[in-house]
Structure formats: structure tokens, C-alpha cells
Amino acid sequence: MDFTSSAQQQSGGAGGAGWGAFLKSIASFNGDLSTLTAPPFILSSTSLTEFSSYWCEHPSVFAAPAREPDATRRALLVLKWFLTTLKQQYASRSEQYGNEKKPLNPFLGELFLGKWEDDAGTTELISEQVSHHPPATAYNITNLPNGVRLEGYNAQKASFSKTINVKQIGHAVLTVPAPSAAEPDRFLITLPALHIEGLIFGSPFIELEGSTYITSSTGFTAKIDYSGKGWLSGKKNSFTATLYPTGKEKDVLFNVSGQWTKSFDIHSGPAKYNSRDNLVESWDPLPLSELIVAPLEKQHPLESRRAWAKVAAAIARGDLDAVSIEKGKIENAQREMRAKEKTGGRTWSRRYFTARNEGADQVLTSLGLAVGLPADGDADKTGGLWRFDFAKADAARGESPPSEDEARKVARELLGQ
Ligand code: HC3
């Protein structure tokens, strides 16, 4: 985050409040998304730490692989779950509001905690901003009754060529306890590149591009190819996917095709044989399970919605001066805290995650090569190879919530409030 100017930039900047000015500014964009000059009407009051919840808005689909005894079918269920997350991750905001807005840039240590309670039992979400420069968010999502657990982290690298193009750096690891197996299955998941469409018309939305992979410790790989609406043919938000034994891309066990925003069909075997006879399942989006987040007054002072409450309120009432002032307070307090840490030779202690040493992650070392991920987890671009730290999480659970005085002190010191 560029603290020197972001308060002004995020409120539009001098003379930069219009869409035309925004388009001009992105043409000279330096690749750091947090410094992008967005006009006021495109500011969202949701922080990127909240985006981790998009991984699990159908907890029963997330947990389903744990009940499947067959390893190939488990890999297929994992692919299905992944595909069902895409709509929420990449289209939910533009569907609801007519445009993809600019999210709040999380501060270091920002938390977003929640849970889902539904047919799949309780599923817990922990999301934390683990790096400030470069900005990176880590998350851990666990379905408690079935033990299915997703952890991962991500950062973005953006560039401008005709539009804003974003590469995601990082990955996710899904752990699925397999019925009657001693070791759980592990699935290493890569993240799609995306670009923004509709910029010129003032109604930005996301299109995914390229390919991503899910590779498993049980020897299966899924490849997902994304495509959009071309000049002459194609539908927006399209994809095709295949599942095959790792290293044997031509031996297609299942293929999936459709639109990640709408519906898709799963067939057995390669796509050339697709017919009603080999249709395994058709997916139509289900109603979402609602994420439960504690009321603001019960949240930890560093929880996202509590920390950004004043900024969010200012955005909601269109008071751009207040947006700028409130953001500035957080940014200044954070800058001061980093300076203090530097002088004291300290670093910010992450509440739930710890950076692993390069090459020390078994999943990346064993599966990374198959999907083009380096064993160091791109640590230099994400501030670390971040893994959920169970001991830290236990300690955090054991802590009593901060008293009002303590919460005020944290808010003053770290958020300037
Ligand atoms: C590029 C993006 C910020 C990053 C968002 C990510 C990649 C974050 C991780 C989630 O799991 C998935 C995800 C979804 C949407 C991505 C955002 C879309 C737009 C936003 C830019 C910073 C804003 C660009 C500004 C504007 C006005 C063109 O939308």
C-alpha cells in the first residue's frame, strides 16, 4: 500500500473523480493495485480479507469429498467444489451492484472471522492479512464434522495492457480425510489469472483466463481452461475442465464444461463422447449458505468490519472527505507502528499463520512441480510461504476477548481511532 498518497487517491484524487480520469490514470498504472486511483463511486467498503469466504459458500459441496470412498470420485468432487466457488469469487460483486468495485486494502494483521452453520455442520473461517508489502492474505477454512480443511494465501500482480490484467500469486491446499485411509488426501490448487472487462463502459466485471490446476496426493490432476466471449463466438465466463491421472493428460477420466457463473455438466471420459449417456451430473447454482460474523461490538478490534466501520459508513453516505480522513488515520497509525517495530527490531506477530522456511512444505515439494508452483511458494512475492499455525490458533481461542479499555488501546495504537 502506498501510504503517502492512498487516502487522496482512493477518494478520487484532485480532479480525478470522473470515470474518464480513471481510465487515463490506469493507462499509466504501475502494477500496484493498492495505488490505483479509483473514482469515489467505485469504492467498495469490503476489504480483501473478506474475499477468503468466497471459497466456501456451499459448505456441503466443500465437505462432500470426505464421504466419498473412491479416490477418483473424491478428486472429481474436489474439482466440482472448486468450480462452484468461482461464481462467488469473481462475479458476485458485479452481479449484485452492476460493477466490480475497488476493495479496501487490508492493513497488516487485519482479521476476518466467521462461520457457516448448516446441513454440513459448522465450518469455520479465519482470514488474516499476513503481509503488508507485498500485500498478501492468508486463510484457513475447516468443516469441523468432516475435517475437510482449506488453507492458502494470495497476492496479486497487476499490469495494464488494453485493460487491467491480474495474475494471482499463491495457492490453496485442500486436505480431505479419506474414508478408511490413514493419510488424508491433499489437493494443491492454483489460482486463475483475470482481467477486467467493461471498463470503457463504466461497468467493470471480471473475466478469467488461461488455465489452472488441481493436483492430488492420490495421483489425479484437473486442468481447467477459462475462456470468455470472443468477437465472433463463445459465451462469457466459460470453461472446460478435464480430470486425468497425473502426467497422462490424454487419459481423460471426466470432463466438465459450462459457464462458471451459471451451470455446468460433468461427463465421464473425454469430451468427444459427451452425450446424455455419459452425463454424470449437471450443476445449477444452489442458494448460498450465509456466513455468520460476530456483531461489531463483539469483534476483535482488528477484525475487518470493526476496524473499517467508520470508512464503510463514510462510503455508504458518500462523504468522501470522511472516507479520506478515516482511511488516513488507519494508514498513518500503521505506518507509525511499522516505524516503531523497525526501531525496536521487532516484527508484527501474525495471529493465526506462520511463514514456513523455503522448501519445508511437503505439499509444495511433492506436488508443486506438477502444476508449476515453486517449492518456496513464491514467498518473495507474498511475504512468506504462509501456513495455518494450529498452536497460534489454539492460543487465540484460549484468550479472553479484550476488555473495552484494551480494545480502545489497540484501536488507538494500530488504527489511529
Ligand atoms: C483485482 C481485484 C482485487 C483482487 C481480487 C481477488 C483476486 C482477491 C482474491 C480473491 O480470492 C479473488 C479475487 C477476486 C476479485 C479481485 C478484484 C477484482 C477487482 C480488484 C481490483 C483491485 C480493482 C480494480 C478497480 C476497478 C474499478 C476496475 O474494479
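If you look the protein chain up in an unreviewed UniProt entry, it shows as Oxysterol-binding protein from Parathielavia hyrcaniae. Of the comments in the UniProt record for the protein chain, the one headed Sequence similarities (unreviewed entry) reads "Belongs to the OSBP family."

Asks: Give a description of the overall build of the protein chain that names residues and reports values.
Replies: A count of helices and strands for the protein chain gives 11 helices and 18 strands. In summary, the protein chain has a C-alpha radius of gyration of 22 Å against a globular reference of 22 Å for 417 residues, a match within 12%. Projected onto the principal axes, the alpha-carbon positions of the protein chain cover approximately 60 × 55 × 40 Å. Buried positions account for 53% of the 417 residues belonging to the protein chain. A separation of at least 24 residues holds for 58% of the contacts in the protein chain among residues at least 6 apart in sequence. A total accessible area of about 18800 Å² is found for the protein chain, and carbon and sulfur atoms account for 52% of it.

Asks: How would you sum up the pattern of salt bridges? Please name residues and give values.
Replies: Overall, the coordinates contain 20 salt bridges when judged by the stated rule. Close ionic contact of Glu50 with Arg305 constitutes a salt bridge, the shortest N to O distance being 2.8 Å. Within this pair, whereas Glu50 is found in the loop between strand S1 (43-47) and helix H3 (59-63), its partner Arg305 is found in helix H5 (residues 304-307), the two being separated by 255 residues in sequence. Note that Asp225 and Lys223 form a salt bridge whose closest N and O atoms lie 3.1 Å from each other. When its relative accessible area of 16% is taken as the criterion, Lys223 is described as buried. One network of salt bridges, with partners in common, ties together Glu124, Asp394 and Arg397.

Asks: Outline the environment of Thr242, listing residues and values.
Replies: Relative to the elements of secondary structure, Thr242 occurs in strand S13 (residues 238-245). Judged by its relative accessible area of 22%, Thr242 falls in the partly exposed class. Measuring from C-alpha to C-alpha, the distance between Thr242 and Thr215 comes to 12 Å, with 27 residues separating the pair along the chain. Dropping the residues within four chain positions of it, Thr242 is found in contact with Thr221, Ala222, Lys223, Val252, Phe254 and Asn255.

Asks: Can you explain the side chain of Arg149? Please cite residues and give values.
Replies: With respect to the element layout, Arg149 can be found in strand S6 (residues 148-161). Look past the residues within four positions of Arg149 in its chain and what remains in contact with it is Phe62, Asn140, Ile141, Thr142, Val173, Leu174, Thr175, Phe388 and Phe390.

Asks: Tell me about the packing of helix H6 (residues 309-316) against helix H7 (residues 320-344), and please be specific about residues and values.
Replies: Contact geometry of H6 with H7 gives a least axis separation of 8 Å together with a crossing angle of 165°. The orientation of H6 relative to H7 falls into the category roughly antiparallel. Between H6 and H7 lies a crossing whose hand is left-handed. In this structure, H6 uses Lys310, Val311, Ala314 and Ile315 to contact H7, whose residues at the interface are Ala322, Val323, Glu326 and Lys327. Looking at the contact of H6 with H7 residue by residue, the class counts come to five nonpolar, no polar and three charged.

Asks: Please set out the nonpolar core residue by residue, giving values where relevant.
Replies: Judged by nonpolar contacts, the single largest core of 100 residues is most densely connected at Trp55, Trp81, Phe82, Leu150 and Leu174. The dominant element in this core, judged by the number of residues it contributes, is helix H4 (residues 71-97), at 10 residues. When sequence neighbours within four positions are dropped, the list of residues in contact with Trp81 reads Trp55, Val61, Phe62, Leu150, Leu174 and Ile189.

Asks: Provide a residue-level description of H7, including the pertinent values.
Replies: The terminal C-alpha atoms of H7 lie 36 Å apart, and with 25 residues this matches the ideal 36 Å at 1.5 Å per residue to within 8%. Listed as buried for H7 are Ala322, Val323, Glu326, Lys327, Gly328, Ile330, Glu331, Ala333, Gln334, Met337, Arg338 and Glu341. Looking one or two residues past H7, Gly345 carries a phi angle of roughly 65°, positive in sign.

Asks: I'd like a rundown of the pairing of strand S3 (residues 111-118), residues and numbers included.
Replies: As paired strands, S3 and strand S4 (residues 121-131) are joined by eight bridges and run antiparallel to one another. From the neighbouring strand, Asp118 faces S4, where its bridge partner is Gly121. Connecting S3 to the next strand, S4, in antiparallel fashion are two residues.

Asks: Can you tell me about the site of the ligand, naming the residues and giving the values?
Replies: Around the ligand lies a shell of 20 residues, among which Gln89, Arg93, Glu100, Asn154 and Gln168 are the nearest. Within the side chain of Gln89, an N or O atom sits 2.7 Å from an oxygen atom of the ligand. In the complex, 97% of the free accessible area of the ligand, which totals 610 Å², lies under the protein chains. Elements with a contribution of two residues or more to the shell around the ligand: H4, S6 and strand S7 (163-176).

Asks: Now, about the packing of aromatic side chains: what can you tell me, with residues and values included?
Replies: Under the defined criterion, the tally for this structure stands at 13 aromatic pairs. Considering the side-chain rings of Trp55 and Tyr139, the 5.9 Å spacing of their centres and the 35° angle between planes classify their relative orientation as tilted. In this pair, Trp55 sits in the loop between S1 and H3 while Tyr139 sits in strand S5 (residues 136-143), placing the two residues 84 residues apart along the sequence. Put simply, the rings of Trp55, Phe62, Trp81, Phe82 and Tyr139 touch in pairs and so form one group of aromatic residues. Over the aromatic face of Phe205 sits the side chain of Lys236, whose NZ or CZ is 4.3 Å from the ring centroid.

Asks: For the packing of H7 against helix H11 (residues 404-415), give the residues involved together with the corresponding values.
Replies: Two numbers describe how H7 lies on H11: the axes approach to 6 Å, and their chain directions differ by 85°. When the interaxial angle is binned, H7 and H11 end up roughly perpendicular. Counting all contacts with H7, which are made through Lys329, Ile330, Ala333, Gln334 and Met337, the residues of H11 involved are Arg412, Glu413, Leu414 and Leu415. In terms of residue class, the contact of H7 with H11 is built from five nonpolar, one polar and three charged.

Basis of the calculations
Residues numbered from 1 in each chain as written. Predicted model: local features only at pLDDT ≥ 70, side-chain atom pairs only at ≥ 80, totals over all residues. Heavy atoms only, no water. UniProt positions renumbered as here; feature names shortened; annotations may be inferred. Helix = DSSP H or I, 4+ residues; strand = E, 2+ residues; numbered from the N terminus. Rg over C-alpha atoms; globule rule 2.2 N^0.38 Å. Buried < 20%, exposed > 50% of the residue type's maximum accessible area, 1.4 Å probe, protein only. Contact = heavy atoms within 4.5 Å. Areas by Shrake-Rupley, 256 points an atom, 1.4 Å probe, with all protein chains shown as cover. Salt bridge = Lys/Arg side-chain N within 4 Å of Asp/Glu carboxyl O. Axes fitted to C-alpha atoms, helices over the stretch in contact; angles between N-to-C directions. Parallel < 35°, antiparallel > 145°, perpendicular 65-115°, else oblique. Left-handed = near helix turned anticlockwise from the far one by under 90°. Nonpolar A, V, L, I, M, F, W, Y, C, P; charged D, E, K, R; others polar. Core = buried A, V, L, I, M, F, W, Y, C linked by side-chain atoms within 4.5 Å. Expected span 1.5 Å × (residues − 1). Pairing = 2+ DSSP bridges. Near = heavy atom within 4 Å. Polar contact = N/O pair within 3.5 Å; in protein donor to acceptor, adjacent residues only side chain to side chain. Phe/Tyr/Trp six-rings, centres within 6.5 Å; stacked < 30°, edge-to-face > 60°. Lys NZ or Arg CZ within 6 Å of the ring centre and 35° of its normal.

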